[in-house]
Amino acid sequence: MKKILAIDDKQENLITIKAVIKNNLSGCKMFTAVSGKEGIRIARKEQPDTILLDIVMPQMDGYEVCKRLKEDELTKHIPVVMLTAIKTDSESRVKGLNIGADAFLSKPIDSIELSAQVNVMLRIKEAEDGLRAEKEQLDQKVKERTKELQRANKKQKQDIVERKRIEEEMHKLVAVVKHSSELVNLSTLDGKMIFLNEAGGKMLGIEPHEVENVNIMEVIPDHLIGLVEKELLPALMKGGTWEGDLQYRNLRTAELTDVHAMTFTVKDPDTLEPQFLANVSFDITERKRLDEILQSSEERLKILFEFAPDAIYMNDPKGNFIDGNKAAEEMLGYKREELIGKNFLKLKLLSAKEVPKALKSLAYSVVGKKTGPDEFLLNRKDGEKIPVEISTYPVKIKNKTVVLGIARDITKRKKAENSLKIALKKSTESDQLKSTFLATMSHELRTPLNAVIGFSQLLNKEASGEEVEEFANRIHKSGSHLLEIIEDIFDITLIEAGEIKITKEKQNIRPLVEDLLVMIKTEQQKLNKHEVDIQLNSTNKNHDLHLFTDHRRLKQILINLLSNAIKFTDKGLIELGYEKKIQHDQHVLQFYVNDTGIGIPKEKQKLIFDVFRQVDDTHTRRYGGTGIGLSIVKKLTELLGGNIWVESEEGAGSTFYFTIPYDKLKETSKPRSDHPKKKQSLMGKTVLIVEDVKSSFDFLDYLLKKSGIEPVWAKDGKEAIKLCKENSSIDLVLMDINMPVMNGYEATKEIKKFRSKLPIIAQTAYAIAGDREKSLAAGCDDYISKPIKAELLMEKIGKL
Ligand code: ADP
């Protein structure tokens, strides 16, 4: 439906126009406005097809309204018919045309003219609308096409950039592949090479022009063909990949190269079927060499760790074991599995006293400090304690701090240090001992010497017969005492030098101890110890108890113990006893000497067995003595295979015990005769005294003559031989050893050559090592040590 807008300030004009349009142009919709302003608003809103506009109007006249409508984009295409007052008003019409009016109607309005004019306007408007719509469509099309072209242009530009980029990338890739240090190779599915880069050519000994004549299988060494056929190719044929270590053979040099190969198939982009085999391989010769070095250095480290003599272990910062070597296992007595994960505190490896020191070391190491070496006493699993020296070092493993500990067993060093301390203490003691010994010796030797020299001075013409006897007695006693001391000194010297020989024989014990009791009772009388009772106590009543031992030494032991008992006891009882016992699975005869004497303080009971040691070391000792006796006793007991100890209470008395092995099997051997043969009369016998010292001869001459023996004197060995040859009445020879011209051994050997049955007794300086053995070896029948004891000599002469 067409729309018509009429603008006129006079309502009656509007009614007229409305009526005309209604009557003549049915189907048109009519809008009216009574002012220009309202007209413009309606025109903009309703877009009428024609506007009928009055010129003369108050406020805004028709010209102004037409001007505004034609300037407005929204309304400029709407035809405007201006209503003029008079037909000939050309001035108004020109003005109207200038501002864009399309037609004019003059008043009063002729209905036919109005209708016709409006019709024309409507047609023009319609035609214009059509043209405008067509133009708009065309414009739209042009716009769209332009856009399309612009898009296509942009895409083409982008395509070019992308292609360039791809080309550049391809270029780079080809360069990378060509110049890559890795082997890159492409072959057909049946292995025919179609591409091999420079590095590959070098590795395989293939020139670029030869590539296509080679099958990839040619470079696989025989021992790997199986692997390639069974694993590699099947994996690729399935369209997969294969990666692993291989070796390639250089076709020119036959040299093998270790490689790590990565192989895969290149697929057809359309069918996705495998098209080529691709292979990228890295030369791993160097890596393998390094691996081997690394492995061997790791093994070396492992060996060093495992076989290190010191315990090496690792702890976490809390003190839990991470690992430890063999030496650590041995040191602690725990297996590695028992240690790992356990805390050293929980394992109680250290005493509570040492824990703070260990924790301090741990804390130091955790903050990066080395500690030690510090000494600790370790508690082993089996409870044994061992001294160790521990150093700790902070170590970083995978950025975590762990504590490396090295522990050294210092048992040996400690022992050495201790014995050094004891080597030092003893040497100080020994210095002291030496001084004490010299003082004691000086005292002990001077006392009897004083008596000898003093009383021998008194032996002169003025002395009465009784006095002579008394003095001689004293001189003899003192001389004997001196001899005892000297014999003791030589004894201990010989024992310590290992020169004392033990000669075991079967010995009936009973008569031996009974003899001893007689001896000790004589001693008791000499010492005036009348308040002391001496007894023998044997639980074993068997009088024929035999012992296979060195009876001389056994006697020496018992004499020493009994002499001490008498010496240190003023009243009470001294008891000697023995009984059979089993000690350490061995049958022994246990002897004891018990006294009620002064006793020995506990702390001295061990020490008295050491040489020169006495309970009372001071010069003012009451009892005298050299401190040698018990050390001889101890050594002799040990030489006889037994042991000795003492039980004593100060002031109450002492009991010395010692044992001698008792072997029943040995009892079968022939017993030594315990009873001396009946005394023979020596009257009228001739004895050759071989002696270079006149005083010694005089003594023997006197002694023998007293027994009715005829002495003959030879001053050296040569003379002795001569006399033995000439004088067949000689019954026995008393042979001195040390003589000028010819010594006793040689003389004995010679004499025995022509008078083998003639008895010869050697007079040995007993203490000199080996004299006794040498004289027996030279052929002597017996020996007697100097100074000669008269009674013993006569006994020996009588026997022979
Ligand atoms: P001495 O020549 O001094 O007696 P010994 O070696 O025989 O040397 O004895 C060493 C020390 O042991 C003696 O000096 C004495 O102190 C102590 N002793 C030995 N036997 C006895 C004992 N029966 N009673 C008390 N003390 C003894």
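For the structure itself, consult the block above.
This one's a predicted model, so the numbers in the text were calculated from it and none came from an experiment. (Residues numbered from 1 in each chain as written. Predicted model: local features only at pLDDT ≥ 70, side-chain atom pairs only at ≥ 80, totals over all residues. Heavy atoms only, no water.)

Novice: I'd like a description of the pattern of salt bridges, backed by residues and values.
Specialist: Counted by the stated rule, this structure contains 44 salt bridges. One salt bridge in this structure joins Glu338 and Lys381, with 2.8 Å as the shortest N-O distance. With Glu338 in helix 10 (residues 336–339) and Lys381 in the loop between strand 13 (371–379) and strand 14 (385–397), this pair connects stretches of sequence that are 43 residues apart. Across the pair Arg510 and Glu514 runs a salt bridge, and its minimum N-O distance is 3.2 Å. You can see Arg510 and its partner Glu514 sitting in helix 14 (residues 509–526), four residues apart, about one turn around the helix. Accessibility expressed as a relative area gives 16% for Arg510, which makes it buried. (Salt bridge = Lys/Arg side-chain N within 4 Å of Asp/Glu carboxyl O. Helix = DSSP H or I, 4+ residues; strand = E, 2+ residues; numbered from the N terminus. Buried < 20%, exposed > 50% of the residue type's maximum accessible area, 1.4 Å probe, protein only.)

Novice: I'd like to hear about the pairing of strand 11 (residues 311–315), residue by residue, with values.
Specialist: Among the five residues in strand 11, four count as buried, and that is most of the element. Across five bridges, strand 11 lies against strand 15 (residues 400–409) in antiparallel orientation. By the bridge assignment, Asn315 is partnered in strand 15 with Val403. Two strands pair when backbone bridges link them, and strand 11 and strand 12 (residues 321–324) are joined in this way by three bridges, in the antiparallel orientation. Its bridge partner lying in strand 12, Tyr313 is registered against Gly324. (Pairing = 2+ DSSP bridges.)

Novice: Explain the site of the ligand to me, using residue names and the numbers behind them.
Specialist: The environment of the ligand is made up of 20 residues, and the closest members are Asn564, Asp595, Gln614, Thr626 and Leu630. Asn564 is positioned such that a nitrogen or oxygen atom in its side chain is 2.8 Å from an oxygen atom of the ligand. In the environment of the ligand, an oxygen atom lies 2.7 Å from a nitrogen or oxygen atom belonging to the backbone of Leu630. Coverage of the ligand by the protein amounts to 95% of the 530 Å² it exposes when considered alone. For the shell around the ligand, the secondary structure elements donating two or more residues are helix 15 (551–567), helix 16 (629–639) and strand 22 (653–661). The element best represented in the shell around the ligand is helix 15, accounting for three residues. (Near = heavy atom within 4 Å. Polar contact = N/O pair within 3.5 Å; in protein donor to acceptor, adjacent residues only side chain to side chain. Areas by Shrake-Rupley, 256 points an atom, 1.4 Å probe, with all protein chains shown as cover.)

Novice: Tell me about the sheet that holds strand 25 (residues 730–736), residues and numbers included.
Specialist: Here we have five strands laid out as an open sheet, ordered 24-23-25-26-27, and parallel in their pairing. Single-partner strands in this sheet number two, and they are strand 24 (710–714) and strand 27 (782–785). Going across the sheet, the axis of each strand differs from the next one's by a mean of 25°, ignoring polarity. Here strand 23 (residues 686–690) runs beside strand 25; their pairing, made up of five bridges, is parallel. If you follow Ile689 over to strand 25, its bridge partner there is Leu734. (Axes fitted to C-alpha atoms, helices over the stretch in contact; angles between N-to-C directions.)

Novice: Give me the lowdown on the sheet that holds strand 2 (residues 28–33), citing residues and values where you can.
Specialist: Pairing is parallel across the open sheet formed by five strands, whose spatial order is 2-1-3-4-5. Two strands close off the open sheet at either side, each with one partner strand: strand 2 and strand 5 (103–106). With strand direction ignored, the average angle separating the axes of adjacent strands in the sheet is 20°. In this sheet, strand 5 lies alongside strand 4 (residues 80–84) in parallel orientation, the contact comprising four bridges. The residue of strand 5 that forms the bridge with Leu83 is Leu105. Strand contacts of helix 5 (residues 111–179): strand 1 (2–7), strand 2, strand 3 (50–54), strand 4 and strand 5, with the helix running at about 170° to strand 5, the strand carrying the most contacts. (Contact = heavy atoms within 4.5 Å.)

Novice: Requested: an account of the pairing of strand 24, with residues and values cited.
Specialist: Pairing of strand 23 with strand 24, which is carried by five bridges, proceeds in the parallel orientation. Each residue of the ladder has a partner; that of Val690, found in strand 24, is Ala714.

Novice: Which residues make up unusual backbone geometry, and what values go with them?
Specialist: The residue after Lys107, namely Pro108, is reached through a cis peptide bond having omega -10°. Mapped onto the elements, Pro108 comes out in the loop between strand 5 and helix 5. Residue Leu272 is not a glycine yet carries a positive backbone phi of 60°.

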